[in-house]
Amino acid sequence: MANSKFEYVREFEQPDSLLRNTWIVVRVDGRAFTKMCARYGFEKPNDRRALDVMNAAAKAVVADLPEVTIAYGVSDEYSKLVSTIVSTFTANYVHCWSTYFPDTPLSFPLPTFDGRAVCYPTVQNLRDYMSWRQADFQLGGLDNKEAEKTLAGTLAADKNEILFSRFNINYNNEPEIFRKGSVVFRDYELVDPASHNTADAVDELAEPVQQSKTQNENDKKRRSKARIVVEHLDIIRDDFWDRRPWILS
Ligand code: ATP
Ligand code: ATP
Ligand code: MG
Ligand code: MG
Ligand code: MG
Ligand code: MG
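Quick caveat, the model's predicted, so the values are computed rather than measured. (Residues numbered from 1 in each chain as written. Chains lettered and ligands numbered in written order. Predicted model: local features only at pLDDT ≥ 70, side-chain atom pairs only at ≥ 80, totals over all residues. Heavy atoms only, no water.)

**Let's talk about the overall build of the chain**
Selection criterion: Elements are defined by DSSP. Helices are runs of H or I of four residues or more, strands are runs of E of two residues or more, and each kind is numbered from the N terminus. Throughout, exposure labels follow a simple rule: accessible area from a 1.4 Å probe, protein chains only, divided by the maximum for the residue type, with under 20% read as buried, over 50% as exposed, and the rest as partly exposed. The criterion used for residue contact is that any of the two residues' heavy atoms lie within 4.5 Å. Only the protein chains shown count as cover for residues, with accessible areas throughout obtained via the Shrake-Rupley method and a probe of 1.4 Å.
Broken down by element type, the chain carries nine helices and six strands. By residue count, 38% of the 249 residues in the chain fall in the buried class. Considering only contacts within the chain whose residues lie at least 6 apart along the sequence, 77% involve residues at least 24 apart. Put simply, the chain shows about 15500 Å² of open surface, and 52% of that area lies on carbon and sulfur atoms.

Below is the structure:
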């Protein structure tokens, strides 16, 4: 209501815009999922159904928000670009739950997520962020605090041994989703990195290209028509990005 004596409360709203011309990463993380695991009997250390709900929710976010170019997730967390994502994610998580847990209905308190936004100025920073999440997951993939401590500072080979003795798991035979996490992106035609003209590659020092309104609209249309896929790939090495130049351009 305009001009009422209550309107002054608006002044408590602080500007919270994000830095221009940066890659915005929104990290979404399940609230108290350690308890969720016990409550709904998630299989340890990796429950495939629980990851599938996360992936379904992430896919729905990418489908709903064309500005989001890529999402990467492990465990109960998901990293992606652009804001107002947490609520879309949560709504879809709750909606998709029964598909993956048909015999375990949700009960109160319902699952919720926290989210934080970080701006990364260069493509390299963004790639390093994504690499950090994947490497962190691969090195510290064990959730058990005790196992985490045991593993701190141990070599990959020792880690495999501990995984085997504790969970009877041979890491090398584990499905890719447990080894690499999940990456969600729009699926256009793959580019052969060998024949890829480097002049077309993203030049991170260049000024951002000003797109016309029609270009932006065409872009948006193309994005909303594209198929969205969930894959379990190495996102640390160049190959993933070289073959999919549209993701970071
Ligand atoms: P917070 O609210 O602070 O995030 P949290 O209990 O969610 O607390 P996290 O550090 O986010 O703490 O850890 C999430 C926990 O849920 C980890 O122990 C992780 O292993 C477990 N978890 C998440 N997804 C799965 C899954 N698919 N299968 C097995 N365990 C899972
Ligand atoms: P944004 O995503 O930017 O918030 P918006 O379309 O939600 O866009 P708002 O300015 O938030 O725009 O306005 C919400 C609109 O929804 C208003 O027109 C409001 O009257 C209408 N609306 C919200 N709740 C109800 C309701 N319960 N019944 C009828 N109309 C509603
Ligand atoms: Mg409003
Ligand atoms: Mg957390
Ligand atoms: Mg959590
Ligand atoms: Mg977490």
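Read on, since the account is not over.
**Things to note about helix H3 (residues 85-100)**
Operational definition: Under the convention used throughout, the expected extent of a helix is 1.5 Å for every residue step, that is, one less than its residue count. To get the bend at any residue, fit one axis to the seven residues that end at it and another to the seven that begin at it, then take the angle between the two axes.
Here H3 is 16 residues long and its end C-alpha atoms lie 22 Å apart, about the 22 Å a rise of 1.5 Å per residue gives. Considering bend angle alone, the principal kink of H3 is centred on Val94 and spans about 30°.

**Details of a nonpolar patch on the surface**
Let me state the cut-off plainly: Residues with no salt bridge and a relative accessible area higher than 30% make up the patches, which join like charges within 9 Å and nonpolar side chains (Val, Leu, Ile, Met, Phe, Trp, Tyr) within 5 Å. Definition used for salt bridges: Asp or Glu carboxyl oxygen within 4 Å of a side-chain nitrogen of Lys or Arg.
A contiguous nonpolar patch, built from Tyr8, Val9 and Phe12 and spanning about 360 Å² of accessible area, is present on the exposed surface. Assignment of secondary structure puts Phe12 in the segment before strand E1 (23-30).

**Focus on helix H2 (residues 48-64)**
In this model, H2 (17 residues) spans 24 Å end to end at C-alpha, consistent with the 24 Å of a helix rising 1.5 Å per residue. For H2, the set of buried residues is Ala50, Leu51, Asp52, Val53, Met54, Asn55, Ala56, Ala57, Ala58, Val61 and Val62.

**Re unusual backbone geometry**
A cis amide bond links Lys44 to the next residue, Pro45, at an omega of 0°. Within the element layout of this structure, Pro45 appears in the loop between helix H1 (33-39) and H2. Residues other than glycine seldom take positive phi values, yet Ala32 does so here, at roughly 50°. For Ala32, the position within the fold is in the loop between E1 and H1.

**Re the pattern of salt bridges**
Pairs may arise between side chains of opposite charge once their charged atoms sit close together. Taken as a whole and assessed by the stated rule, the structure comprises nine salt bridges. Across the salt bridge formed by Glu176 and Arg179, the nearest N and O atoms sit 3.3 Å from each other. One end of the pair is Glu176 and the other is Arg179, both in helix H7 (residues 176-180) and three residues apart, which spans about a single turn. Residue Glu176 is classed as partly exposed on the basis of its relative accessible area, which comes to 33%. Three or more residues joined by partner-sharing salt bridges are found here, namely Glu176, Arg179 and Lys180.

**Observations regarding the environment of Cys96**
Residue placement: Cys96 occurs in helix H3. A residue is classified by how much of its surface remains accessible, and Cys96, at 14% relative accessible area, is buried. Sequence-distant contacts of Cys96, defined by excluding residues within four places in its chain, comprise Val53 and Ala56.

**Regarding the packing of H2 against H3**
Worth spelling out the cut-off: Here, axes are lines fitted to C-alpha atoms. For helices the fit covers the stretch in contact, and angles between N-to-C directions go from 0 to 180 degrees. Working definition: roughly parallel below 35 degrees, roughly antiparallel above 145 degrees, roughly perpendicular at 65 to 115 degrees, and oblique for all remaining angles. Note on convention: near helix rotated counterclockwise from far helix by under a right angle means a left-handed crossing. Clockwise means right-handed.
Running from amino to carboxyl end, H2 crosses H3 at an angle of 135°, the nearest separation of the two axes being 8 Å. It follows that H2 is oblique to H3 by the angle criterion. For the crossing formed where H2 meets H3, the hand is right-handed. Contacts between H2 and H3 pair Arg49, Asp52, Val53, Met54, Ala56, Ala57, Ala58, Ala60, Val61 and Asp64 from the former with Ile85, Thr88, Phe89, Asn92, Tyr93, Cys96, Trp97 and Tyr100 from the latter.

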